[in-house]
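Reading the structure
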Amino acid sequence: MLFAIVHLIHLLAAFVYGGFLFTDILFLQKMQKITLPGEEGAKCREAIMVHVRKVVPYALFVVVGTGIYMFPHVFGKVGPEGLNHLQIILLIKAFLGLWLGLRGFMQKVFKINPWVFKSHYFPFTLVVIIIILSQLMWVL
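These remarks concern the structure in this document. (Residues numbered from 1 in each chain as written. Predicted model: local features only at pLDDT ≥ 70, side-chain atom pairs only at ≥ 80, totals over all residues. Heavy atoms only, no water.)

1. Details of the overall build of the chain
Here is the rule: Starting at the N terminus, helices and strands are each numbered in turn, a helix being any DSSP run of H or I of at least four residues and a strand any DSSP run of E of at least two. Accessibility here uses a 1.4 Å probe with only protein chains present; expressed as a share of the type maximum, an area under 20% marks a residue as buried, one over 50% as exposed, and anything in between as partly exposed. Two residues form a contact once any of their heavy atoms are found within 4.5 Å. Working definition of accessibility: Shrake-Rupley area with a 1.4 Å probe, residue cover restricted to the visible protein chains.
In terms of regular secondary structure, the chain is built from 4 helices and 0 strands. For the chain, the sequential pattern of α-helices and β-strands runs α-α-α-α. In the chain, buried positions account for 34% of the 140 residues. Within the chain, contacts between residues at least 6 apart in sequence are counted, and of these 69% link residues at least 24 apart. By element, 74% of the accessible surface of the chain is carried by carbon and sulfur atoms, the whole surface being about 9,100 Å².

2. Notes on the nonpolar core
How we decide: Put simply, buried Ala, Val, Leu, Ile, Met, Phe, Trp, Tyr and Cys residues joined by side-chain atoms within 4.5 Å make one nonpolar core.
Core analysis: the biggest nonpolar cluster contains 20 residues, and Tyr17, Phe20, Leu21 and Leu100 have the highest contact counts within it. Per-element tally for this core: the top contributor is helix α2 (residues 39-75), with 6 residues. Apart from the residues within four sequence positions on either side, Tyr17 is in contact with Val56, Ala59, Leu60, Leu100, Pro123 and Val127.

3. Comments concerning the packing of aromatic side chains
Stated formally: Side-chain rings of Phe, Tyr and Trp (the six-membered ring for Trp) are treated as a pair once their centres are within 6.5 Å; stacked means planes under 30 degrees apart, edge-to-face means over 60, and tilted covers the remaining angles.
Tallied over the entire structure, the rule returns 7 aromatic pairs. With 5.8 Å between their ring centres and 85° between their planes, Tyr58 and Phe61 make a pair best called edge-to-face. In this pair, Tyr58 and Phe61 are both assigned in helix α2, 3 residues apart and thus about one turn of the helix distant. When its relative accessible area of 43% is taken as the criterion, Tyr58 is described as partly exposed. On the basis of relative accessible area, Phe61 is assigned to the partly exposed category, the value being 23%. Ring geometry for Trp99 versus Phe122: centroids 5.3 Å apart, planes at 85°, classification edge-to-face. Here Phe122 lies in helix α4 (residues 121-136) and Trp99 lies in helix α3 (residues 85-108), a separation of 23 residues in the sequence. Given a relative accessible area of 25%, Trp99 falls into the partly exposed group. Look at Phe122 and you get partly exposed, because its relative accessible area is 27%. The structure contains a cluster of three or more aromatic residues connected by ring pairs, namely Tyr58, Phe61, Phe105 and Phe110.

4. A short note on a nonpolar patch on the surface
Which entries qualify depends on this criterion: Grouping into patches uses exposed residues only, defined as over 30% relative accessible area, and leaves out salt-bridged ones; the cut-off is 9 Å for like charges and 5 Å for nonpolar side chains (Val, Leu, Ile, Met, Phe, Trp, Tyr). In what follows, salt bridge is the name for a side-chain nitrogen of Lys or Arg lying within 4 Å of a carboxyl oxygen of Asp or Glu.
On the surface, Val78, Leu83, Ile88, Leu91 and Ile92 cluster together to form a nonpolar patch covering roughly 390 Å² of accessible area. Tracing the backbone through its elements, the reader meets Ile88 in helix α3. Of the residues examined, Ile88 reaches a relative accessible area of 37% and is grouped as partly exposed.

5. Side note on the environment of Pro80
Turning to its location among the elements, Pro80 is positioned in the loop between α2 and α3. C-alpha of Pro80 to C-alpha of Pro37: the two residues are 43 residues apart in sequence and 60 Å apart in space.

6. Quick notes on unusual backbone geometry
Positive phi values are uncommon outside glycine, yet Lys111 reaches one of about 55°. Positionally, Lys111 belongs in the loop between α3 and α4.

This is the structure in structure tokens:
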């Protein structure tokens, strides 16, 4: 029962984090460039981001924390033949999720900006890859 509750919290927090990335990439950045160019667009985006910064980083921390809790339950034991497809894909998902979590933690807690990827395009791409892997790991 605890696993089911943690899984539900994990999914809800992932929707908040992924939904923000989706909204930022597909709407807010386009709005700033096309609909409201210049200072007006920057003010509008910043007015939204003030509220986003209060929720989204913590949603990411919840996703990573619940993912760490669920990992050993889903991963299981390594058989004598080695890792199966589910375990390999889960390891890839865990690596990508931990990278996102570390990036978000450094940004929120230590105010360290990301080294290479300063926009939300790369985290958005990782979230999409994680979603695809989430579907594939139960099929393969």
